[in-house]
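# Tertiary structure, described
Below are the chains, spelled out letter by letter.
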Amino acid sequence: MNTKTYDDMTHLYGKIWIWTAIVIILLVPVAICLYYNAWPPVQSVVKGLLGVAPIFWTVGVIEVITFCPMLGTAGSYLGFVTGNLTNLKVPCALNAMEINNVKSGTEEGEVVSTIAIATSSIVTTIIISIGVLLIGQLTPILNSPELKPAFDNILPALFGGLGVVYISKNWKISIAPLLFMIVLFLLVPSLASSVGILVPVGAAISIGVARILYKKGLL
Amino acid sequence: MNFNPNDSFMYILAVMVILFIIAQSLFFLIRAYRRGKELGMDMKKLRKTISSSAIFTVAPAVSILLGVLTLSKFLGLPLPWIRLSVIGAITYELPAATSTASALSVSLSETLKDPKAFSAITWVMTLGIMPSIVLVPILLRRIQKGLTTIKTKDSKWGDLFITAMFLGMISAFMGMVFSNIRSGLAGWIPIFVLLFSALLMGICGILLKVFKINWIQDYALPISMLGAMAFAVLITPLIV
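Each residue is numbered by its place in its chain's sequence as written, counting from 1. A letter from A marks each chain and a number from 1 marks each ligand, given out in the order of writing. The predicted origin of the model limits local features to residues at a pLDDT of at least 70 and limits the giving and counting of side-chain atom pairs to 80 or more, whereas totals for whole chains, interfaces and linings rest on all residues. Calculation of side-chain values draws on the structure's entire complement of heavy atoms; hydrogens and water are dropped beforehand.

## Some details on the overall build of chain B
Quick note on the threshold: For the purposes of this entry, the term helix denotes a DSSP run of H or I that reaches at least four residues, the term strand denotes a run of E that reaches at least two, and both are numbered from the N terminus. Just to be clear, the radius of gyration here is over C-alpha atoms, and the globule rule we use is 2.2 Å times residues to the power 0.38. The buried label applies to any residue whose accessible area, calculated with a 1.4 Å probe on protein chains only, is under 20% of its type's maximum; exposed applies above 50%, and partly exposed to all values in between. Working rule for contacts: check all heavy atoms of both residues, and any pair within 4.5 Å makes them a contact. The accessible surface values rely on the Shrake-Rupley method and a 1.4 Å probe; as for residues, cover is taken only from the protein chains in view. As used throughout, the charge tally considers Lys and Arg to be positive and Asp and Glu to be negative, leaving His and the chain termini uncounted. The location of each charge is read from NZ of Lys, CZ of Arg, CG of Asp or CD of Glu.
The number of helices and strands found in chain B is nine helices and zero strands. Against the compact-globule benchmark of 18 Å for 240 residues, chain B has a radius of gyration of 22 Å, which places it well outside the compact range. Viewed in the frame of its principal axes, chain B has a C-alpha envelope of about 65 × 50 × 35 Å. Looking at chain B as a whole, 57% of its 240 residues qualify as buried. Sequence-distant contacts, at least 24 apart, represent 58% of the contacts inside chain B between residues at least 6 apart. Accessible area of chain B: about 10100 Å², with a carbon and sulfur share of 68%. Charge separation in chain B, taken as the distance between the mean sites of 21 positive and 9 negative side-chain charges, equals 9 Å.

## Re helix 6 (residues 130–153) of chain B
To be explicit about the condition: Multiplying one less than the number of residues by 1.5 Å gives the expected span of a helix. The bend at a residue is defined as the angle formed between two axes, one fitted to the seven residues ending at that residue and one fitted to the seven starting there.
Under the 1.5 Å per step criterion, the end-to-end length of helix 6 of chain B is 35 Å for 24 residues, consistent within 8% with the ideal 34 Å. A maximum bend of about 55° is found in helix 6 of chain B at Leu139 of chain B. Residues of helix 6 of chain B that are buried: Met130, Pro131, Ser132, Ile133, Leu135, Val136, Pro137, Leu140, Ile143, Gln144 and Leu147 of chain B. Tucked inside the fold, the buried residues of helix 6 of chain B contact helix 1 (6–35), helix 2 (42–71) and helix 3 (73–82) of chain A together with helix 5 (115–127) and helix 7 (155–176) of chain B.

## Considerations on helix 4 (residues 85–100) of chain A
At Pro91 of chain A, helix 4 of chain A is deflected by roughly 25°, the largest bend along its length. One or two positions beyond helix 4 of chain A, positive phi appears at Asn101 of chain A, with a value near 55°.

## Points about the nonpolar core
Threshold: Only buried residues count toward a nonpolar core, which is a set of Ala, Val, Leu, Ile, Met, Phe, Trp, Tyr and Cys residues joined through side-chain atoms within 4.5 Å. How far each domain reaches was decided by an automatic or database domain assignment.
With 156 residues, the main nonpolar core has Leu75 and Met169 of chain B as its most contacted residues. The greatest single-element share of this core, amounting to 15 residues, is contributed by helix 2 (residues 43–75) of chain B. The residue makeup of this core includes at least three contributed by each of domain 1 (8–128) and domain 2 (184–240) of chain B. Excluding residues within four positions of it along the chain, Met169 of chain B makes contact with Phe67, Met70, Val90, Leu94, Phe159 and Val199 of chain A.

## Section: the side chain of Ser52 of chain B
The condition that has to hold: For the purposes of these results, a polar contact is taken to be a pair of N or O atoms within 3.5 Å, where, inside protein, one atom must be able to donate a hydrogen and its partner to accept one; residues adjacent in sequence count only when each atom of the pair is a side-chain atom.
Within the secondary structure layout, Ser52 of chain B lies in helix 2. Polar side-chain contacts of Ser52 of chain B include one of 3.3 Å to the backbone oxygen of Thr49 of chain B. Excluding its chain neighbours within four sequence positions, the residues that come into contact with Ser52 of chain B are Ile99 of chain A together with Asp218, Tyr219 and Pro222 of chain B.

## What to know about the side chain of Asn95 of chain A
Mapping Asn95 of chain A onto the fold places it in helix 4. Beyond its immediate chain neighbours, meaning those up to four positions away, Asn95 of chain A contacts Leu162 of chain A together with Leu221 of chain B.

## Observations concerning the interface of chain B and chain A
We count it as follows: Note on definitions: buried area is the accessible-area loss of two parts on being combined, 1.4 Å probe, summed for both. Take a side-chain nitrogen of Lys or Arg and a carboxyl oxygen of Asp or Glu: if they are within 4 Å of each other, that pair is a salt bridge.
Facing 137 residues of chain B, the contacting portion of chain A comprises 140 residues. Contact between chain B and chain A buries roughly 13000 Å² in total, counting both sides, with carbon and sulfur atoms accounting for 79%. Our count for the contact surface shared by chain B and chain A stands at three salt bridges. In this structure, Asp159 of chain B engages Lys103 of chain A in a salt bridge whose closest nitrogen and oxygen atoms are separated by 3.4 Å. Taken together, chain B and chain A are joined by 26 residue pairs in polar contact (both at pLDDT 80 or more). When residues in the side of chain B that touches chain A are grouped by element, the largest group, 21 residues, is from helix 1 (residues 8–38) of chain B.

## Side note on the packing of helix 8 (residues 189–209) of chain B against helix 9 (residues 216–239) of chain B
When two helices pack together, their arrangement is given by the angle between their axes and by how far apart the axes lie. All names here are of chain B. The condition that has to hold: Helix axes are fitted to C-alpha atoms over the stretch in contact, other axes to C-alpha atoms as well, and angles between N-to-C directions run from 0 to 180 degrees. Rotating anticlockwise by less than a right angle from the far helix to the near helix defines a left-handed crossing, while the corresponding clockwise rotation defines a right-handed one. When residues are sorted by character, Ala, Val, Leu, Ile, Met, Phe, Trp, Tyr, Cys and Pro go into the nonpolar class, Asp, Glu, Lys and Arg into the charged class, and all the rest, Gly among them, into the polar class.
At a closest axis distance of 8 Å, the pairing of helix 8 and helix 9 adopts a crossing angle of 145°. Along this stretch, helix 8 crosses helix 9, giving a crossing that reads as right-handed. Residue composition of the contact of helix 8 with helix 9, by class: 19 nonpolar, five polar and no charged.

## Observations regarding the domain arrangement of chain B
Residue and element names in this part refer to chain B. Here chain B is described as being made up of domain 1 (8–128) and domain 2 (184–240). Between the C-alpha centres of domain 1 and domain 2 the distance comes to 28 Å. Contact with domain 1, which involves eight residues of that partner, is made by eight residues of domain 2. With both sides pooled, the region where domain 1 packs onto domain 2 buries about 700 Å², and carbon together with sulfur makes up 73% of that total. The largest share of the area that domain 1 buries against domain 2 comes from Lys48, Phe56 and Ala59, three residues that together contribute 55% of it.

## Side note on a positive patch on the surface
All names here are of chain B. Applicable threshold: Patch membership requires more than 30% relative accessible area and the absence of a salt bridge. Residues of like charge join within 9 Å; the nonpolar side chains Val, Leu, Ile, Met, Phe, Trp and Tyr join within 5 Å.
On the surface, a cluster of positive charge is contributed by Arg34, Lys37, Lys44 and Arg47. Contributing elements (two or more residues each) for the positive patch: helix 1 and helix 2. Following the sequence through the fold, Arg47 ends up in helix 2.

## As for unusual backbone geometry
Non-glycine residue Asn84 of chain A carries a positive phi angle of around 50°. Tracing the backbone through its elements, the reader meets Asn84 of chain A in the loop between helix 3 and helix 4. If you check the backbone angles, Ser105 of chain B has positive phi at about 55° while not being a glycine. Structurally, the position occupied by Ser105 of chain B is in the loop between helix 4 (90–103) and helix 5. Overall, the relative accessible area of 68% leaves Ser105 of chain B in the exposed class.

Okay, here's the thing in structure tokens:
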């Protein structure tokens, strides 16, 4: 008798897809080295890695712990392969769950979040592919100085709309982490380049505040 | 062999990776859609979720395409196409390429001609981002078990816990918007854009709740985001 639940099967399929993705991702540099007979000196790779790995490996661990509960099972297996989580997949999943009035971690939340992330991944892949095909025609438009401010401000444009929905519904929990982050970025503007590391700090503050307010019966 | 980062071999690699990504996405999309049907969910709403997610994705995807263009100036087109379609983001790929290029004393002001420098950059881009993908199959079940334990003990606190995590992320990104205000009025532009986006979202909320324009709910976020981006285009020349 088959006793595996839908969620068990999602984990199984997810693991098969993600491990295959890992192999494919690793095969890209291997194929390049073999085809062009261009294995790089190990020291140059290590030196290059030293410049990025300490921060990006840390951010990677943080992202897994922070985003997996938001993205759900299939959403995590898919979202972490297709990337662009903070600027696209996570807001897309959150917005879709909000519209459908379902909660993350429920069966319905899992369905909605997966549909949002999968759709977003397909559309992103198609848009980038069209862009690559039409690169000659698109480059002057996309690089035009008139449009530059639009893309420079994509994160505030995204988090303004998303933030107001969540903050207005949960303003008691939001004030402390928001004030903390604003003051922190005012004092140390250079932290903007490593905002990923600050996500769990914000989460810890809001969880702490939520716990205190909950215990006092204020939520 | 003369090395050209734009040659057909690289395009073949890119197409293979892209097809894999689309196959994986389609697999989970169809599976989730069928599951929604089984659970008796409102299928009309799920179809709307597909269209609203697609529309929401357009602007960020074009911004990712800009990242491909930036990297293509020295890496050719196929490699950035691959990298920004799987796990990568421009905020990571550019420092990875720069770090490796400086380790090799190679200039990134023109298209790379040295295949070893190219392969070194590809390795650094690949290995530097691996933990986030490798840890998912290892940790996901454990993370979910932890959350289930919290929810079983107290379901209201479980929901608050996840909401608080969302708010932590949103706070970090909203706080980041304030990082440039000490540079003068130009540094305030992201804040004006943020507030305008919030205002548009508020207007959408009023249209939904007061005037009962229900379709707006599905498109409120893309409307706010695109509207705020257009606002940035209008105000930047007036301020800078």
